[in-house]
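Each chain is listed here by its residues.
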Amino acid sequence: ANLDPSAPPSGMSNAQVISVISEVSNYFNSQSAPTAAMDANGLMALQTSMGLTANAPNGMSIFTTGKRSNGTSVAATCANCHGLAAAGNGGVPRQGGQVASRIFEALNDFLPNGSRATVPTMPGIVLGAGGTGLTNQDMLDVAVYVNSLP
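What counts and what doesn't
Residues numbered from 1 in each chain as written. Predicted model: local features only at pLDDT ≥ 70, side-chain atom pairs only at ≥ 80, totals over all residues. Heavy atoms only, no water. Phe/Tyr/Trp six-rings, centres within 6.5 Å; stacked < 30°, edge-to-face > 60°. Helix = DSSP H or I, 4+ residues; strand = E, 2+ residues; numbered from the N terminus. Buried < 20%, exposed > 50% of the residue type's maximum accessible area, 1.4 Å probe, protein only. Expected span 1.5 Å × (residues − 1). Core = buried A, V, L, I, M, F, W, Y, C linked by side-chain atoms within 4.5 Å. Contact = heavy atoms within 4.5 Å.

Glancing now at the packing of aromatic side chains. The final tally for this structure, using the stated rule, is one aromatic pair. Each ring, one from F63 and one from Y145, has its centre 5.8 Å from the other, and the planes form 55 degrees; the classification is tilted. On the criterion of sequence distance, the pair formed by F63 in helix α3 (residues 56-65) and Y145 in helix α7 (residues 136-148) is long-range, its members being 82 residues apart. By the burial criterion, F63 is buried, and Y145 matches it.

Below you can see the structure in the form of structure tokens.
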């Protein structure tokens, strides 16, 4: 897989990548946010299958300030691109209020073996400079926090 966050996916120019990201972003920005009740079953199943309990304050910390380990960034702040309220920012999609289990799934998709590992910039953001990135617990926490936003 191409993990260079500055390189476009195979066969696509930078302009084509930007166009696709913009189209996807516009679509999600036009959608109304689901209610928390819509995600209850998916989130509960996710937590049960992993044996984890969501910690929204940890998710807020990672979303707004990123994650560091031993002084090294292991995941960038999500808010730099998605905005503090996760309302989207230009060509970056709104995440606030989206289904938590889907946000968790999307974060996993950007990991090296994920289905979207070649999307420009995201693998480097989820993995961070240290390359260790977010744990399942971290991704669950971020997903629950972002789901709580309007």
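Right, let's talk about α7 for a bit. If you check α7, its first and last C-alpha atoms are 18 Å apart, about what 13 residues at 1.5 Å a residue would give, namely 18 Å. Here α7 lies mainly inside the structure; ten of its 13 residues are buried. Along α7, the positions that sit buried rather than exposed are D138, M139, L140, D141, V142, A143, V144, Y145, V146 and N147.

Membership of the largest hydrophobic core comes to 22 residues, with the highest contact counts inside it found for F63, F104, M139, L140, V142 and V146. Counting residues per element, the ones that place at least two in this core are α2 (36-50), α3, α5 (100-109) and α7. Ranked by the residues each element gives to this core, the list is headed by α7, at seven residues. In contact with F104, other than residues within four places in its own chain, are L46, M50, N136, M139, L140 and A143.

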